[in-house]
Each structure stands twice: as structure tokens, then as C-alpha cells.
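Remarks on the overall topology
Chain residues, written in single-letter form:
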Amino acid sequence: MSVLIKPIITEKATADSELNNRYGFIVDPKANKLQIKDAVEATYGVSVEKVRTMNYGAKRSTRYTKTGIQHGKTNAVKKAIVQVAEGDIIDFYSNI
């Protein structure tokens, strides 16, 4: 299983990457900072300076319908914000 699941491509993440050389990824919940650093360096060929991680828990919801009460939840995710060295760029849109 891969450590990196997918990159985070939002307006806030794109602005952060352009201004501060920080990129966001959704990662495996069991991965630690060293594994995330090694995976980003191996995949994109950049040097990583700092890794910040955030664990988001599942959101639970309840709906009242004709057939009764329906319970649901979203998946828990782990996000990583990776700061790369000055001058290094990760291009998510290259068609290689």
C-alpha cells in the first residue's frame, strides 16, 4: 500500500504552494512523518524540509426518513502538509 493517497488541490492549498512552497497530501492513517517525507522525495524528486500532519475524525450524521432513522458517517482521513526546499516545485498537472 502506498503512503501517499492523493494530493490536496484546493484554492487554499494552491495559494500556499505558490507562496510558501508547501503542498498538501492525503496520506495513509498509519504513516508517520519519516515515511511521508521519504515517499514525497521518492515520488516527486524534491527535498523535503518539514512535514506537518493532521488527523481528521469521522463525521457522524443522522437522518429521519419515512423508513426510520438512518445513521451514517464519513471516513476518517490523515492530511500531511509538506514544505519543500526553496526552488523545488511539485507539478501535479504534468502528464507524464
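Read on for a plain summary of the structure. (Residues numbered from 1 in each chain as written. Predicted model: local features only at pLDDT ≥ 70, side-chain atom pairs only at ≥ 80, totals over all residues. Heavy atoms only, no water.)

Right, let's get into the packing of aromatic side chains. Using the criterion set out here, one finds four aromatic pairs in the structure. On the numbers, 5.9 Å between centres and 85 degrees between planes, the contact of Y23 with F92 is edge-to-face. Taken together, the positions of Y23 in strand 2 (residues 22-27) and F92 in the segment after strand 6 (77-84) put the pair 69 residues apart, joining distant regions of the chain. Among the residues examined, Y23 registers a relative accessible area of 6% and is labelled buried. Here F25 and Y44 contribute two aromatic rings whose centre-to-centre distance is 5.8 Å and whose plane-to-plane angle is 35 degrees, an arrangement assigned as tilted. Of this pair, F25 sits in strand 2 while Y44 sits in helix 2 (residues 33-44), placing them 19 residues apart in sequence. (Phe/Tyr/Trp six-rings, centres within 6.5 Å; stacked < 30°, edge-to-face > 60°. Helix = DSSP H or I, 4+ residues; strand = E, 2+ residues; numbered from the N terminus. Buried < 20%, exposed > 50% of the residue type's maximum accessible area, 1.4 Å probe, protein only.)

The next point concerns unusual backbone geometry. Phi angles above zero are rare outside glycine, and N21 is one such case at about 55 degrees. One can find N21 in the loop between helix 1 (11-20) and strand 2. Judged by its relative accessible area of 13%, N21 is buried.

Since one α-helical turn is 3.6 residues long, residues separated by three or four positions face the same way. Helix length check: helix 2 (12 residues) gives 16 Å between terminal C-alpha atoms against 16 Å at 1.5 Å per residue, within 8%. Among the residues of helix 2, I36, A39 and V40 are the ones counted as buried. Buried residues of helix 2, viewed axially, fall in a sector of 95 degrees; they line one side. Among the exposed residues of helix 2, those pointing more than 90 degrees away from its buried face are L34 and A42. Where the residues of helix 2 are buried, they touch strand 1 (4-7), strand 2, strand 3 (48-56) and strand 6. Between a side-chain oxygen at the N-terminus of helix 2 and the backbone nitrogen of L34 the separation is 3.3 Å; the capping residue is N32. Downstream of helix 2 by one or two residues, G45 has phi in the positive range, about 70 degrees. (Expected span 1.5 Å × (residues − 1). Arc of directions from axis to C-beta. Contact = heavy atoms within 4.5 Å. Polar contact = N/O pair within 3.5 Å; in protein donor to acceptor, adjacent residues only side chain to side chain.)

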